[in-house]
Every structure is written in structure tokens, then in C-alpha cells.
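# Architecture and fold: a report
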Amino acid sequence: MTDTGIVRGAMEAMVQPGEVRVRRALLSVSDKTGIVEFARGLASLGVELLSTGGTATALREGGLDVRAVEDFTGFPEIMGGRVKTLHPKIYAGLLALRDNDEHMAAAAEHEVEFVDLVCVNLYPFEQTAARRGATDHEVIENIDIGGPTMIRAAAKNFAFTAVVVNPASYDAVLQELKDAGARLSLGTRESLAAEAFSYTARYDSAISRWFVEKQDDFPPLLLNAYEKVTDLAYGENPHQRAAYYAQAGARMHVLSMVRQLGGKELSFNNVLDLNSARLLVQEFELPACAIIKHNNPCGVAVGGSVTEAYSAAFACDPMSAFGGVICVNRTVDATFAEALLKQFCEVIIAPSFTDEALAMLAAKPNMRILEDGERRGVNVAERDIKRVMGGLLIQDRDMGLEDRTEMQVVTERKPTEAEWGEMLFAWKVCKHVRSNAIVLSNDLASVGVGAGQMSRVDSVRLAIEKARAAGSSLLGAAMASDAFFPFSDGPQLAVDAGITTIIQPGGSKADPVVVQAANAAGISMVLTHRRHFKH
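Right, let's walk through the structure included here. Please read all numbers here as calculations on a predicted model, not as lab measurements.

Next up on the list: the sheet that holds strand 1 (residues 24–29). In space, the 5 strands of this open sheet follow the order 3-2-1-4-5, with parallel pairing throughout. The two strands at the open ends of the sheet, each matched to only one other strand, are strand 3 (67–68) and strand 5 (162–164). Sheet strands touched by helix 11 (residues 186–215): strand 4 (117–121) and strand 5. Its angle to strand 5, the strand with the most contacts, is close to 50 degrees.

Applying the stated criterion across every chain yields a total of 1 cavity of 30 Å³ or more. Of the pockets and cavities examined, the largest cavity occupies roughly 30 Å³. Forming the boundary of the largest cavity are Val-20, Val-22, Asp-116, Phe-160, Ala-162, Leu-184 and Arg-189. Considered class by class, the residues forming the lining of the largest cavity number 5 nonpolar, no polar and 2 charged.

All told, the structure shown has 8 aromatic pairs when counted by the stated rule. Geometrically, the ring pair formed by Phe-125 and Tyr-203 is edge-to-face, given 6.3 Å between the ring centres and 65 degrees between the ring planes. Separated by 78 residues along the polypeptide, Phe-125 in helix 7 (residues 125–130) and Tyr-203 in helix 11 bring together distant segments of the chain. Between Phe-125 and Trp-210, the aromatic rings sit 6.2 Å apart at their centres with planes inclined by 90 degrees, giving edge-to-face as the arrangement. Here the residue Phe-125 occupies a position in helix 7, and Trp-210 occupies one in helix 11, the gap between them amounting to 85 residues. For the pair Phe-125 and Trp-210, a shared accessibility class is recorded, and that class is buried. Connected via pairs of aromatic rings, a cluster forms that spans Phe-125, Tyr-203, Trp-210 and Phe-211. Of note, Arg-383 hangs over the ring of Phe-218, and the distance from its end group to the ring centre comes to 4.1 Å.

Here we come to the side chain of Ser-256. Along the polypeptide, Ser-256 turns up in the loop between strand 7 (243–247) and strand 8 (258–262). Look at Ser-256 and you get buried, because its relative accessible area is 7%. Within the local environment of Ser-256, its side chain forms a polar contact with the backbone oxygen of His-253, the two atoms lying 2.8 Å apart. Polar side-chain contacts of Ser-256 include one of 2.6 Å to the side chain of Glu-374. Aside from chain neighbours lying at most four places away, what touches Ser-256 is Arg-278, Glu-374 and Arg-376.

Glancing now at the side chain of Ser-169. Tracing the sequence through the fold places Ser-169 in the loop between strand 5 and helix 10 (170–179). For Ser-169, a relative accessible area of 14% corresponds to the buried category. Look past the residues within four positions of Ser-169 in its chain and what remains in contact with it is Val-164 and Glu-195.

Here we take up the pattern of salt bridges. Inspection of every chain in the model, using the stated rule, returns 24 salt bridges. Notably, a salt bridge pairs Glu-126 with Arg-202, separated by 2.7 Å at the nearest N-O pair. Of this pair, Glu-126 sits in helix 7 while Arg-202 sits in helix 11; the two residues are 76 residues apart in sequence, bridging distant segments of the chain. Note on Glu-126: relative accessible area 17%, which makes it buried. With a closest N to O distance of 3.2 Å, Lys-431 and Glu-283 form a salt bridge. Placement of the pair is Lys-431 in the loop between helix 17 (417–430) and strand 17 (438–442) and Glu-283 in the loop between helix 12 (268–281) and strand 9 (288–293), with a sequence separation of 148 residues. Using a relative accessible area of 18% as the deciding quantity, one classes Glu-283 as buried. The structure contains a network of salt bridges with shared partners spanning Arg-24, Glu-48, Arg-67 and Glu-113.

Time to look at the nonpolar core. One finds Leu-266, Leu-274 and Phe-284 to be the most contacted residues of the largest nonpolar core, which totals 41 residues. Elements that contribute at least two residues to this core include exactly strand 7, helix 12, strand 9, strand 10 (296–302), strand 11 (324–328), strand 12 (345–350), helix 17 and strand 19 (478–481). No other element matches the 7 residues that helix 17 contributes to this core. If we skip the residues at most four places from it in the chain, Leu-274 touches Val-254, Leu-255, Leu-266, Val-325, Val-347, Ile-349 and Leu-370. Formed by 27 residues, the second largest nonpolar core is a distinct cluster that contains Ile-90, Phe-125, Met-150 and Ala-206.

Attention now moves to the packing of helix 9 (residues 146–156) against helix 11. Orientation of helix 9 relative to helix 11, taken along the N-to-C sense of each, is 150 degrees, at an axis distance of 9 Å. The angle between helix 9 and helix 11 places the two elements in the roughly antiparallel class. Viewed along their axes, helix 9 and helix 11 form a crossing whose handedness is left-handed. Across the interface between the two elements, Pro-148, Ile-151, Arg-152, Ala-155 and Lys-156 of helix 9 pack against Ala-193, Ala-196, Phe-197, Tyr-199 and Thr-200 of helix 11. Grouping the amino acids of the contact of helix 9 with helix 11 by side-chain chemistry returns 7 nonpolar, 1 polar and 2 charged.

Analysis parameters
Residues numbered from 1 in each chain as written. Predicted model: local features only at pLDDT ≥ 70, side-chain atom pairs only at ≥ 80, totals over all residues. Heavy atoms only, no water. Pairing = 2+ DSSP bridges. Helix = DSSP H or I, 4+ residues; strand = E, 2+ residues; numbered from the N terminus. Contact = heavy atoms within 4.5 Å. Axes fitted to C-alpha atoms, helices over the stretch in contact; angles between N-to-C directions. 1 Å grid on protein atoms, 1.4 Å probe; cavity = no way out; pocket = protein on both sides within 12 Å on 5 of 7 lines; lining within 4 Å. Points joined across faces, edges and corners; volume = space filled by probe spheres on them. Nonpolar A, V, L, I, M, F, W, Y, C, P; charged D, E, K, R; others polar. Phe/Tyr/Trp six-rings, centres within 6.5 Å; stacked < 30°, edge-to-face > 60°. Buried < 20%, exposed > 50% of the residue type's maximum accessible area, 1.4 Å probe, protein only. Lys NZ or Arg CZ within 6 Å of the ring centre and 35° of its normal. Polar contact = N/O pair within 3.5 Å; in protein donor to acceptor, adjacent residues only side chain to side chain. Salt bridge = Lys/Arg side-chain N within 4 Å of Asp/Glu carboxyl O. Core = buried A, V, L, I, M, F, W, Y, C linked by side-chain atoms within 4.5 Å. Parallel < 35°, antiparallel > 145°, perpendicular 65-115°, else oblique. Left-handed = near helix turned anticlockwise from the far one by under 90°.

If you want it as C-alpha cells, here you go:
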């Protein structure tokens, strides 16, 4: 184009917001999914294609005529591609307000050619940072600079410039361009701009998080992006709307690799209970079952099979188990399915289901059947976050449990090996019960759970009452407490009910009195020296 043509074109291009015809598009993508087809659709509408590096190569190989960005700017790519689109000619063409006389005069004076559509996605920073063995140099080289700048410029000026960052949008954008004479409505361009700013915000938050995690500290500013995984049936109550979002770039999350095989859509409470159930069952290598109700375990057991574990877990508190979330760590077969059909279950989640079991469970169309294909463990560095009014409480996640060698037997009577096994089982379960938490167990199954009480002695009393209501024997049972006993009344209630071993953190001024009471009763007591409150 001649100099005179550029000036005349700039002045004639004055339009009002929402009236721009797409005549020139700049395409520069890392993810090349669908880009050739998108560019071919643009070219069929008479749109001139500008492009860079590998994208230009892909388009030319697809038989398209492409104008190189260096020809557009008159400046070559330098520094190994670190600098290729950072040029005033590009940003003036993106940012000009085309209904502004001053902007248009400047465009004419400096021979600026307008860019009407930008299609950009960014270097794969998150994927590179998450790759095992990736060096700091590799990660840093995948911090895109020019791409986010172009996206933000086009998004800011959405009144005159369209921006496309998601390959999933290509078809819809092309269709509207074809239907509207190579124009996109102002509403569409604003929607694309919103998506673009969310895209770059997520990208920047991932970069920020990578640097922060290298320091392993609580930063003065915490940035995280979350992407919607699914809409939920409703919130904690039916009148509340709800959706589930996962942290962008997270290695795993509560619904990662989970496939729904049957039943209604999940609710807010289902997901909360699923989270508790999965974290609890991960504590065990033996076949295990956890039944969760209102975010507390009402029954947990291990056994020779998951059917045995389920039967023992259900026996702990059959009334509370009604309508619970059930999680197991082995395949659900026909035998298990038969047992499950006798009860009302909201959700069953397992690593797999036999075809026969699925056919049987189809008789319960409202039961949500989830197959858990996640084999990765929870990231130990992941922080625990709780929402409060106007802010977040952030802490290290309470991962793992104390090793037996770190615990202290403080009574005259030492626990037998069987009693040690029982106590450690109860201790694992207790960590997942809301405070104040008491767990009574026998034969590697919970037989009484006291959760969420304001006083510890009430939790002991509730656990005993639950066990008696279910007809469970407490003779020779173990008791676990998530924190110390401030008085000897709680342990005494348990002793009177038949408990012979107690495991608790210790640390109270009353420890000598509590230990003395345990010695007087002839039971054994172990201190872990670490509590596990769960509020």
C-alpha cells in the first residue's frame, strides 16, 4: 500500500463502536488446534492474515497467504523470538479509537494500519511448570510477554477490535462473521474481551504462584485463578445456586478423573462430603469404607474386602448412614451392590464397578454412581483455605500422622500389638472428624463417633451413646481424641463403658491427673504430642 493509500485508509476507517468490519487479523498461537481452519474461514471473507513464526509456517503449509509481522512493522524478530510483536505499529493499530479525530490523525501521520481481530493464545507456562524435571530456565522461557500484551490491548479496545483466545470459540466467531458481513456485534466483542482478561489473569496468577511456591512462604499478595468444573444441582439449601470451581493448574482436585456413571447431578453438599470421604479413605491401604454424613464420618472400617468394610462401617451408626456418601478403595462387585441396594445412599464412589454391579445399581436411579480414576496423591505442599467474611484463612494442610515411634506410652500398662493397631486406626479416623472429636473403635471399625461438640466430655458421651444405640460392644475398644483431655471425666466415662486403650495428644496441665486415672483403671494410654483439630 502506498503512503497516500495508508493515510486515506486511516481517515476513511472512522467508525462508531460496533461497526467495524474485520479486514485484517493477526494470528499468533502456541496451541495450534483449529487455527488453520479458522484462518481459512477468515481468508474466505477477504480478511488479510498477519502472523508470526510457527503460526505463519502452519498457515502457509495449509495453503494460506500470510503477511509476516516483520513486514507489517518493518522490524525483524530478534533475541530468539523474545521480541517480535512488541512494536508501536501493532499497538497503535490495536488501540486506536476509530471514532476519535485525534487518534485517526495520528494513525494517518504514522502510517498505522489497523488490526481488527487478534487471535492469540500463550506459551504453555502451566504445563511446563507442572512437568516433572522442568528446569527454571525452561519455565521462565515459557513466560509469554508479547502475547498477553496483544490480548490486553485488543480486549481494552473491544469497541473496535475483536480478540479470540480460545480455540473453542473459533466456530462461533466465524459463523457470526459470515452471517453479519464480516462484522462482530459489540456484545460479542465485549464477551470475548471478558474471556480474554480472565485468560491473561489466570496466566499471570499461575506465574505468580510458581514464584511464590519456590519461596514456600505466605506471600503479602496471594493470587489464584479458578475455573468452573460443573454447575451443581443447588447449594447447601435448594434455594441457593451453586457451582464447583477447581484451582487452575492444580495437579488434582476433588472431582479430577471422576466419572459419573449414573444418578442425579451432584449437589454442593455432595461435593463437600465427597472431599471428606476421599481424604479419609486415602489413609488406608487395606480394603476400606467410609460413610460420610454432613461432612463427618458416621462409619469407617477396614476389612478383608470392601463388602466386609462396608458392613462394619454401616453398623457403626445405621440411622446416620441413611442418605450418606459412601467411599471405598476397591472395586464394587455384585455382592457389594446387593448390600448397598438395601440402604438409601446419596453417592457411592469407588475406583471401579463391575458390569453386574452397575446393572444392579441402576435400580436406584437417584443414586449418584462415581468412578474414581484418580491415582495421584494429594499435593503435600497444597495449602488449606477456608473462606471467611471478606477474606481467606490459609494454613498448611494437616497431612500425615505421627509415627508410632514418636508416640509415648504414659501408663503402667503397655498396649498389646493388637491394641496398638486399634488405637492407630481410631487415630486415623479421628483426624477427619469435626472438633471436638472422639472416635471409639473395635475390630478396626468405628463403633461410636462424637463430633462437633462444644465440650470434649460431651463428645465422649455422644460416642458412647451412639455405640450403645447401634448395639456395639465397647469391651476392649479403643478411644481416640483429637486434642487433650482438660479433665479426667471424659476418660473415666470411656473406662466405665469398657474402653481399655486411649490415644490422645496430651499437653494439658491436667495430664498427670488424667494419666493417674488411667493407671487406676488399669488401661493403657498413649500420647501423640500433636493434635488434629478440624473446625
